[in-house]
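# Structural characterization, general
Spelled out from the first residue to the last, the chains are:
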Amino acid sequence: MTPTPLNQENLPEISQRLTIPTYDRQALKTGILHVGVGGFHRSHQAKYVHQLLQEHNINDWGICGVGLREADRKIKDVLEKQDFLYTLAVQHPDGKLEGEVIGSLTGYLLAADGPMKIVDKMAAADTRIVSLTITEGGYNFNPQTEAFNFDNPDVQHELSHPDQPRTIFGYLAAALKKRKAANLPPFSILSCDNIQHNGNMARAMVLAFTRRQDPELAQWIEENVSFPNTMVDRITPSTTPADIAALEAAFGVADKWPVICEPFIQWVIEDDFSNGRPPLESVGVQFVEDVSPYEKMKIRLLNAGHSVLGIPGAVHGHPTIDACMDDDVFARFMRSFMDEEATPVLGEMPGTDLEAYKDTLEERFANPNLKDSVARICLESSSKLPKFLIPTIRENLAAGGSTKFGCLVLAAWCYYHDKETNEKGKPLDIIDTNSKELHLAAADPLTFLKLEDIFGDLANNPDFVKQYLELVRKVYATEDIRKLMEEMI
Ligand code: CS2
């Protein structure tokens, strides 16, 4: 059977095999501009909005994607050919595969095709939310001091050329300035990245930038723009060519860039919007006054748990997170990290059953049908570890708690960047903006730990340095990280 190409016209035929959007996509206004349309946005926020549009007769909340990088051209081209439709495939642990065509995205703007088109769209009256998944690194702050990086050449350019935005900050400032001049209410800026207090962080960075570029605008933003904090969660592996072929065979639909994800989904948002919001509570989104406990728990357990499996997993040669979980030593190491190091410094989690949360994480990580590569988990670890893992180590050092599990992960990470191969000599698939610097520093383990922007002052703690150097020595001497993990648990 020839697969049916995914597009609006073919939906009636596709509806025999997959759930399709039943709302009038033509009638949707763009209420949300989303910057950073990766797999995660498409498995999570766009899915929630899609469900809202399916179940309720609302047409204010269509999403227009925005890509600021040239690398985003690929997704734009694919989506445009498919009338912005894509397949979301949920992989259940028992082998069940559920497919659905998502219709909430209705357009896509690429910076390279005209930055002002993006500014104009952000400044349009219909736009009420600009949401972001621009990764931890996209916020342009020093991971340790959390100060805005004014040395970034693109930022330098935008500061003196407000009509030529390049980073998210230049775009937001230009668009908000237009709205202010037109007497339009500002949009809310909704950060959906894995940073604790992501909304506060986005606000601090936008204000740092605009205070320098246009202090009057900064004051208006400070008084009028909402930046709700959010906790987002759904494990979404990168789509591989094999996935594309497998889904085509399973559904008989030719989708050039489908998204695969786990069944679990969660979104917790602080209910503070400058210009209205979709009634997402009707599709299961939790609106709360303070998201901090949720995000801390998720970042320190789920995201850190991923790194605790992924970095040693890459060094050992496990290809995926489920392969790590299938290895009893890795699974027990991760749980020991969660129980003995992450949990004691989590603080109060009123009303939350932490044990049950950790059990669920184990089940989610072990999903044998979700092939989440350790390469995805390790990518950009230089921005992730300062948020996911290092605070737990630092707080345990202050409280006299255990740091050995976290420390072994850092020792393995030094080996990972020094050798750039796994223990069997196979080249690692390393993607990190700072990979050159990390590789050079890792030639000497202490120089590596002295990378202050990543590790802060860990190198000033003699006990920790001793533990770390000893573990690095063992990682190199044995070239058997698994054995070292086994000895610890
Ligand atoms: C992962 C996250 O990037 C990572 O290291 O931990 O992408 C994780 O899968 C998501 O945050 C799950 O919600």
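Calculation notes
Residues numbered from 1 in each chain as written. Predicted model: local features only at pLDDT ≥ 70, side-chain atom pairs only at ≥ 80, totals over all residues. Helix = DSSP H or I, 4+ residues; strand = E, 2+ residues; numbered from the N terminus. Rg over C-alpha atoms; globule rule 2.2 N^0.38 Å. Buried ≥ 20, exposed ≤ 12 C-beta atoms within 10 Å, placed from the backbone. Near = placed C-beta within 6 Å. Domains from an automatic or database assignment. Expected span 1.5 Å × (residues − 1). UniProt positions renumbered as here; feature names shortened; annotations may be inferred. Pairing = 2+ DSSP bridges. Contact = placed C-beta atoms within 7 Å. Nonpolar A, V, L, I, M, F, W, Y, C, P; charged D, E, K, R; others polar. Axes fitted to C-alpha atoms, helices over the stretch in contact; angles between N-to-C directions. Parallel < 35°, antiparallel > 145°, perpendicular 65-115°, else oblique. Core = buried A, V, L, I, M, F, W, Y, C linked by C-beta atoms within 7 Å. pLDDT = per-residue confidence, 0-100. Left-handed = near helix turned anticlockwise from the far one by under 90°.

## Considerations on the overall build of the protein chain
For the protein chain, the count of helices and strands is 23 helices and 13 strands. Taking 489 residues into account, the globule formula puts the C-alpha radius of gyration at 23 Å, and the protein chain, at 23 Å, falls close to it. C-alpha atoms of the protein chain, sized along the principal axes, occupy 65 × 60 × 45 Å. Counting only residues that meet the buried cut, the protein chain has 47% of its 489 residues in that class.

## Notes on the site of the ligand
Surrounding the ligand, one finds Asn194, Asp233, Arg234, Ile235, Asn303, His306, Ile377 and Lys384. Per-domain counts for the shell around the ligand show at least three residues from each of domain 1 (4-288) and domain 2 (292-488).

## Side note on helix H18 (residues 404-419)
The end-to-end C-alpha distance of H18, which contains 16 residues, comes to 22 Å, matching closely the 22 Å that a straight helix rising 1.5 Å per residue would cover. When you tally the buried positions in H18, you get 14 out of 16 residues, the bulk of the element. A positive backbone phi angle near 55 degrees is found at Glu420, which sits one or two residues after H18.

## Considerations on the UniProt feature "domain: Mannitol dehydrogenase C-terminal" (unreviewed entry) in the protein chain
Under the UniProt annotation, "domain: Mannitol dehydrogenase C-terminal" (unreviewed entry) lies at residues 290-471. Helix makes up 69% of residues 290-471 and strand 0%, and the two end C-alpha atoms of the span are 39 Å apart.

## Here we look at the pairing of strand E7 (residues 129-132)
Neither face of E7 is open: one carries Ile129 and Ser131, the other Val130 and Leu132, and all of them are buried. Summarising the sheet, E7 and strand E8 (residues 188-191) pair through four bridges and their orientation is parallel. If you follow Val130 over to E8, its bridge partner there is Ile189.

## Some points on the UniProt feature "domain: Mannitol dehydrogenase N-terminal" (unreviewed entry) in the protein chain
Here, the residues flagged by UniProt with the feature "domain: Mannitol dehydrogenase N-terminal" (unreviewed entry) are residues 31-281. Secondary structure over residues 31-281 splits into 37% helix and 20% strand, and the C-alpha atoms at its two ends are 17 Å apart.

## Side note on the domain arrangement of the protein chain
As far as domains go, the protein chain holds domain 1 (4-288) and domain 2 (292-488). Spacing between the C-alpha centres of domain 1 and domain 2 amounts to 29 Å. Taken residue by residue, the interface counts 23 residues in domain 1 and 27 residues in domain 2. Residues that form the side of domain 1 that touches domain 2 fall into these classes: eight nonpolar, 12 polar and three charged.

## A word on the sheet that holds strand E9 (residues 230-233)
Within the open sheet, the three strands sit side by side as E9-E12-E13. Their pairing is mixed. Looking along the sheet, the strands with just one partner apiece sit at the ends: E9 and strand E13 (286-288). For this sheet the average axis-to-axis angle between neighbouring strands, irrespective of direction, equals 15 degrees. Relative to strand E12 (residues 266-270), E9 runs antiparallel, the two sharing four bridges. Bridged to Met231 within E12 is Val268.

## Regarding the packing of helix H7 (residues 168-181) against helix H9 (residues 215-224)
When two helices pack together, their arrangement is given by the angle between the helix axes and the distance between those axes. Packing of H7 against H9 brings their axes to within 10 Å, and their N-to-C directions diverge by 80 degrees. By the angle between their axes, H7 is roughly perpendicular relative to H9. For the pair H7 and H9, contact is made by Ala173, Leu176, Lys177 and Lys180 and by Leu217, Trp220 and Ile221, respectively. Per-class residue counts for the contact of H7 with H9 are five nonpolar, no polar and two charged.

## What to know about the nonpolar core
Side chains that are nonpolar tend, in soluble globular proteins, to be buried together. Grouped together as the largest cluster of nonpolar side chains are 139 residues, with contacts concentrated most on Met122, Leu172, Ile189, Leu408, Val409, Ala411 and Ala412. Residues lining this core come from more than one domain, with at least three contributed by each of domain 1 (4-288) and domain 2 (292-488). Non-local contacts of Ala411, meaning those with residues more than four positions away in its chain, are made with Tyr468, Leu471, Val472 and Val475.

## A word on the confidence of the model for the protein chain
With 100% of its residues at a pLDDT of 70 or more, the protein chain shows a mean pLDDT of 96. Here the complex is predicted with pTM 0.95, and the ipTM for its interfaces comes to 0.99.

## Notes on unusual backbone geometry
The phi torsion at Asn183 lies on the positive side, around 60 degrees, for a residue other than glycine. Secondary-structure assignment places Asn183 in the loop between H7 and E8. For His197, which is not glycine, the phi torsion reads 55 degrees and is therefore positive. Following the sequence through the fold, His197 ends up in the loop between E8 and helix H8 (198-213). We classify His197 as partly exposed; it has 16 C-beta atoms within 10 Å.

## Some thoughts on the packing of H8 against H9
Put simply, H8 and H9 touch, their axes get as near as 6 Å, and they point 150 degrees apart. Here H8 lies roughly antiparallel to H9, going by the angle between them. The hand of the H8/H9 crossing is left-handed. When H8 is examined against H9, the residues Val206, Leu207, Thr210 and Arg211 are found in contact with a partner set consisting of Pro215, Leu217, Ala218, Ile221 and Glu222. A class-by-class count of the residues in the contact of H8 with H9 yields six nonpolar, one polar and two charged.

## As for the sheet that holds E7
The parallel open sheet is built from five strands, whose spatial order is E6-E3-E2-E7-E8. Each edge of the sheet is formed by a strand with only one pairing partner; in this case those strands are strand E6 (105-110) and E8. In this sheet, neighbouring strand axes are inclined to one another by 25 degrees on average, regardless of whether the strands run parallel or antiparallel.

## What to know about the environment of Leu28
Tracing the sequence through the fold places Leu28 in the loop between helix H1 (11-14) and strand E2 (30-35). Sequence spacing of Leu28 and Gly313 is 285 residues, and the spatial spacing of their C-alpha atoms is 45 Å.

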